[in-house]
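# Understanding the architecture of this molecule
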2 protein chains.
Amino acid sequence: MSELKNDRFLRALLRQPVDMTPVWMMRQAGRYLPEYRATREKAGSFMDLCMNPELACEVTLQPLERFPLDAAILFSDILTVPDAMGLGLYFEEGEGPRFKRPLRDEAGVAAIGVPDPEQELRYVMDAVRTIRRELDGRVPLIGFSGSPWTLATYMVEGGSSKDFRHIKAMMYDRPDLLHKVLEVTSQAVIQYLNAQIAAGAQAVMVFDTWGGALSPRTYKAFSLAYMERIVQGLTREAEGRAVPVILFTKNGGQWLEDMAATGCDALGLDWTSDIGDARKRVGDKVALQGNLDPCVLYASKDTIRREVGLVLEGYGKGTGHVFNLGHGIHPQVDPEHAAAMVEAVHELSKPYHR
Amino acid sequence: MSELKNDRFLRALLRQPVDMTPVWMMRQAGRYLPEYRATREKAGSFMDLCMNPELACEVTLQPLERFPLDAAILFSDILTVPDAMGLGLYFEEGEGPRFKRPLRDEAGVAAIGVPDPEQELRYVMDAVRTIRRELDGRVPLIGFSGSPWTLATYMVEGGSSKDFRHIKAMMYDRPDLLHKVLEVTSQAVIQYLNAQIAAGAQAVMVFDTWGGALSPRTYKAFSLAYMERIVQGLTREAEGRAVPVILFTKNGGQWLEDMAATGCDALGLDWTSDIGDARKRVGDKVALQGNLDPCVLYASKDTIRREVGLVLEGYGKGTGHVFNLGHGIHPQVDPEHAAAMVEAVHELSKPYHR
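Definitions and cut-offs
- Once a new chain begins, its residue numbering starts again from 1 and follows that chain's sequence as written.
- Chains carry letters from A onward and ligands carry numbers from 1 onward, assigned in written order.
- It should be noted that, the model being predicted, local features are given only for residues of pLDDT at least 70 and side-chain atom pairs only at 80 or more, the latter also being counted only at that level, while totals for whole chains, interfaces and linings use all residues.
- For helices the rule is a DSSP run of H or I covering at least 4 residues; for strands it is a run of E covering at least 2, with both sets numbered from the N terminus onward.
- Only the C-alpha atoms count toward the radius of gyration. The rule for a globule is 2.2 Å times the residue count to the power 0.38.
- Working definition of burial: number of other C-beta atoms within 10 Å of the residue's own, with buried at 20 or more, exposed at 12 or fewer, and partly exposed in between, all C-beta atoms being placed from the backbone.
- Note on contacts: each residue gets a C-beta atom placed from the backbone, and two residues are in contact if those atoms are within 7 Å.
- Here the copies are superposed with least squares, the fitted atoms being C-alpha atoms of residues at a pLDDT of at least 70 in both.
- Each residue after the first adds 1.5 Å to the expected span of a helix.
- An axis is simply a line fitted to the C-alpha atoms; with a helix, the fit covers only the stretch in contact. Between two such axes, the angle follows the N-to-C directions and lies from 0 to 180 degrees.
- Roughly parallel means an angle under 35 degrees; roughly antiparallel, over 145; roughly perpendicular, 65 to 115; everything else is oblique.
- With the far helix as reference, a near helix turned anticlockwise by less than a right angle produces a left-handed crossing, and one turned clockwise produces a right-handed crossing.
- Residues are grouped as follows: nonpolar covers Ala, Val, Leu, Ile, Met, Phe, Trp, Tyr, Cys and Pro; charged covers Asp, Glu, Lys and Arg; every other residue, Gly included, is treated as polar.
- The term nonpolar core refers to a group of buried residues, namely Ala, Val, Leu, Ile, Met, Phe, Trp, Tyr and Cys, whose C-beta atoms join them within 7 Å.
- Paired strands, as defined in this entry, are two strands with at least two bridges between them according to DSSP.
- When the strands point away from the viewer and the path from the first strand over the helix to the second turns clockwise, the crossover is right-handed.
- pLDDT expresses, on a scale from 0 to 100, how confident the predictor is about each individual residue.

### Observations concerning the overall build of chain A
Within chain A, the regular secondary structure consists of 15 helices and 11 strands. The C-alpha atoms of chain A give a radius of gyration of 19 Å, which matches the 20 Å a tight globule of 354 residues would have. Based on the C-alpha atoms only, the size of chain A along its principal axes is roughly 60 × 45 × 40 Å. Per-residue burial over chain A gives 56% buried out of 354 residues. For chain A, the proportion of contacts with a sequence separation of at least 24, taken over those separated by at least 6, is 72%.

Right under this line is the structure:
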């Protein structure tokens, strides 16, 4: 493996000194980029793109050609795991992802198993290896997975959901059955992320997109407890370096202390929390990644610069901050506005690291 | 006006002693009730139903015939106000509400004015008067409005939105213009709610459905500040009784202290906050209304009873709690399950008021 030329992102996650605040964007390889849309066109469907390591590598690198980002993130989808568990992922036009065999009863739950990442998910590991080779040490590569709770919402509902009717009925009436789903899914995620690390991922992030739909008690029991198991089960060193783990619960701003206590290295923060308050609450336990409102990128470049400054000022002096949006970049954003954000982060953050 | 036979709801909002915890449900007059669907069928469209005082009264009273609820809430829609402001509300099949003239520029903003509630919104006031007459003092009647920020999201976006692209671009780039929208809307809401109170509403609730999409700083400046103006501008006594004001920001659990400082009487609480923690945070400043996860009603009756018990136990002893769901009741819920919830609240809460 080539030597890592820019380790600002990894250092900030481990709260080691950096020269400026590192920055990347959730969904940085995505529809807001015309070159992404062109590759996607070439690939066919969204899943065809995920399953093609060469093209997944191509789109992963596209934002790095445009912007001086400090990290690359594997282009993939969180639903690769339940698909590999045998639920039969498919996409219906305009309907989003669906599963042919949603988990609704004992028999369905008993039938799921932990996939072998180098077999059923080999296309993901091949993408990781290809991207690492093509990155050639420019910046670190982030691997990722959905959280067990978030994956289970799709597995039980059979697709996207507004009210989480089926999984919450299961959670309240048959917690034993849901715990079984979450246990198997956690094992699958641990093996999946460890395989990504073995294949070359230099940091990993767990996306808990739907943890914020839970009450405090059910969040702890059905989402956080399983993320903690994942943190405990991960390979934390590879290639002679620490492999940092980031946990991100969207709308989880009320539970940062609990999240920090899992043993992870960093928390993703959406824009509904104040990053200065968040820093006070988690102390020096974890680094923070975030948290610009993604809608700021719809505003003018001057406004973007001002709002970037406010987030940097909110975090304050010293390391432990990875700049990011509070959620994925919106497809309608002008790439020039993303450029303005990245430039502002690097420029305006230097005084905070002197 | 007839004497009020059950004032448990009003007393709990004012933190006066009660014999048991009062209960009502957001959207209690709604699609989960077959009798509602029958009246809606008869009325025509959803807005036809809102605009027909006799039928609006009919659906308002339907849940009270089924369940021993402690309050009725006016059947109406939050978008009556922007419609009366001249934006041209219409509904597109399967698309939700839309406005013909969304506010996007200075000229559009300059053209909006404060409607006279007894003229352009007379149908709402007639509904309030009709409901009060038909209620005949059984339980108090709640009036309501959307918050200025929440109304403005529809007014600027031109309908429902996932990412609030237009209003947030305006907020970040042209805060002066958005403040103008919010000022006029606040005046409209104050006059609208005061007219509801004059017509017979005995408590009022402000629904800030989309305040949780803001950052802490922008929430305070663009949502909370205007709710505070409303609280300050409302008639707080009528018919020789206090008229309590409830503020509810969905996903606003991080900002309860700030909300309590507005001078309102009670806060609505969604299910993502722990009601015991919330009570500690707001002290004796305000009462709390909530906060069962609406999805609990998809579970069995035994589970519903247990979960109701946990919310009551979470709040603890003494007055100041109005039981409710943390959000509107889902259309697919079995009415028998709503009945089980209401029964459990009354039965299980008595020991907390001894």
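After that view, the rundown keeps rolling.
### Focus: the relation of the copies chain A and chain B
Put simply, the second copy of the chain is the first one after a rotation about an axis and a shift along it. Superposition of chain A onto chain B requires a rotation of 180 degrees combined with a translation of 0.0 Å along the rotation axis, giving an RMSD of 0.0 Å. The relationship between the two copies is best expressed as a two-fold rotation axis. Identified as the residue of chain A closest to the rotation axis by C-alpha distance is Q254 of chain A, at 3.2 Å. Take the interface residues of chain A: 100% of them recur as interface residues in chain B, which is what a same-surface contact looks like.

### Digging into helix 7 (residues 122–135) of chain B
Each full turn of the α-helix corresponds to 3.6 residues, which orients residues three or four apart in the same direction. All names here are of chain B. Between its terminal C-alpha atoms helix 7 stretches 20 Å, which fits the 20 Å expected from 14 residues at 1.5 Å a residue. Here helix 7 has its buried residues at V124, M125, A127, V128, T130, I131, R132 and L135. Those residues of helix 7 hidden inside the fold are in contact with helix 4 (53–66), strand 1 (72–73), helix 5 (80–87), strand 4 (141–146) and helix 10 (175–199). Of the residues trailing helix 7, D136 is marked for its positive phi of about 55 degrees.

### Some words on the packing of helix 10 (residues 175–199) of chain A against helix 11 (residues 216–233) of chain A
How two helices pack is summed up by the angle between their axes together with the distance between the axes. All names here are of chain A. One can describe the packing of helix 10 onto helix 11 by two numbers: an axis separation of 10 Å at closest approach and a directional angle of 30 degrees. Here helix 10 lies roughly parallel to helix 11, going by the angle between them. Like other packed secondary-structure pairs, helix 10 and helix 11 cross with a definite hand, here right-handed. Two secondary-structure elements touch here, helix 10 through L178, L182, S186, V189 and I190 and helix 11 through F222, Y226, R229, I230 and G233. Broken down by class, the residue content of the contact of helix 10 with helix 11 amounts to seven nonpolar, two polar and one charged.

### Here we look at the interface of chain A and chain B
When the parts of a complex come together, some accessible area is lost, and that lost area is often used as the size of the interface. On the chain B side, the residues contacting the 27 residues of chain A number 27 residues. Elements that contribute at least two residues to the side of chain A that touches chain B include exactly helix 9 (165–173) and helix 14 (301–315) of chain A. At five residues, the largest contribution of residues to the side of chain A that touches chain B is made by helix 9 of chain A. A per-class count over the side of chain A that touches chain B returns nine nonpolar, 11 polar and seven charged.

### As for the nonpolar core
In this structure, I142 and L267 of chain A together with I142 and L267 of chain B are the most contacted members of the largest nonpolar core, which totals 252 residues. Once residues within four sequence positions are removed from consideration, I142 of chain A is found in contact with A71, A72, I73, L74, A201, A203, V204 and M205 of chain A.

### Observations regarding the packing of helix 8 (residues 148–157) of chain A against helix 10 of chain A
All names here are of chain A. Between helix 8 and helix 10, the shortest axis-to-axis distance is 9 Å and the interhelical angle comes to 120 degrees. Considering their axes alone, helix 8 and helix 10 lie oblique with respect to each other. Here helix 8 runs over helix 10; the crossing is right-handed. Contact residues: helix 8 offers P148, W149, L151, A152, M155 and V156, while helix 10 offers L178, V181, L182, T185, S186 and V189.

### Here we look at the sheet that holds strand 9 (residues 266–268) of chain A
Residue and element names in this part refer to chain A. Overall, parallel pairing links the seven strands, which are arranged 1-4-5-8-9-10-11 in an open sheet. Each edge of the sheet is formed by a strand with only one pairing partner; in this case those strands are strand 1 (72–73) and strand 11 (321–325). Inspection of the sheet shows strand 1 paired to strand 4 (residues 141–146) by two bridges, in the parallel sense. Paired with A72 across the strands is L141, a residue of strand 4. Against the sheet, helix 13 (residues 275–282) touches strand 9 and strand 10 (287–292), its axis set at about 165 degrees to strand 10.

### Looking at the sheet that holds strand 8 (residues 245–249) of chain B
With respect to topology, seven strands assemble into an open sheet ordered 1-4-5-8-9-10-11 (chain B), the strand pairing being parallel. Edge positions in the sheet fall to strand 1 and strand 11 (321–325) of chain B, since each has one partner strand and no second.

### Observations regarding the environment of A127 of chain B
All names here are of chain B. Turning to its location among the elements, A127 is positioned in helix 7. With 69 residues separating them along the chain, A127 and Q196 place their C-alpha atoms 9.5 Å apart. Once you skip the residues sitting within four places of it in the chain, A127 turns out to touch P53, A56, C57, L74 and S76.

### A word on the environment of R27 of chain A
All names here are of chain A. Tracing the backbone shows R27 in the loop between helix 1 (8–13) and helix 2 (34–43). Exposure remark for R27: the 19 C-beta atoms within 10 Å place this residue in the partly exposed category. Taking the C-alpha atoms as reference points, R27 and P63, separated by 36 residues in sequence, lie 9.8 Å from one another. Setting aside residues up to four positions removed in sequence, R27 forms contacts with G328 and I329.

### A look at the pairing of strand 10 of chain A
Residue and element names in this part refer to chain A. In terms of residue burial, strand 10 counts as a mostly covered element, since six of its six residues are buried. Sheet topology note: the strand 9/strand 10 ladder contains three bridges and is parallel. What sits directly across from G268, in strand 10, is Q289. In this region the chain leaves strand 9, passes through helix 13 and returns to the parallel neighbour strand 10; the handedness of that crossover is right-handed. The pairing of strand 10 with strand 11 spans five bridges and is classified as parallel. Looking across to strand 11, one finds that Q289 is bridged to V322. Each parallel crossover has a hand, and the one from strand 10 via helix 14 to strand 11 is right-handed.

### A few points about the confidence of the model for chain A
On average, residues of chain A score 97 in pLDDT, and 100% of them reach the 70 mark or higher. For this predicted complex, the interface score ipTM comes out at 0.95, while the overall pTM is 0.97.

### Things to note about the pairing of strand 5 (residues 203–208) of chain A
Consecutive side chains along a regular strand alternate between the two faces of the sheet. All names here are of chain A. The buried fraction of strand 5 amounts to six of the six residues, a majority that puts the element mostly inside the structure. Alternating residues of strand 5 divide into A203, M205 and F207 and V204, V206 and D208, and every residue in both groups is buried. Inspection of the sheet shows strand 4 paired to strand 5 by five bridges, in the parallel sense. Looking at strand 5, one finds that I142 is bridged to A203.

### Details of the environment of L234 of chain B
Residue and element names in this part refer to chain B. With respect to the secondary-structure elements, L234 resides in the loop between helix 11 (216–233) and strand 6 (237–238). Note: C-alpha distance between L234 and L121 (113 residues apart in sequence) is 18 Å. With residues near it in sequence (within four places) discarded, L234 still touches I190, L193, N194, V204 and V245.

### A few points about unusual backbone geometry
Residues apart from glycine generally show negative phi values, whereas peptide bonds are mostly found in trans. Residues and elements named next belong to chain A. Between G290 and N291 the backbone carries a cis peptide bond, its omega angle lying at -10 degrees. Secondary-structure assignment places N291 in strand 10. Of note in this structure, D136 is not a glycine but carries a positive phi near 55 degrees. Tracing the backbone through its elements, the reader meets D136 in the loop between helix 7 (122–135) and strand 4. Look at F164: it is not a glycine, yet its phi comes out positive at around 55 degrees. The topology assignment puts F164 in the loop between helix 8 and helix 9.

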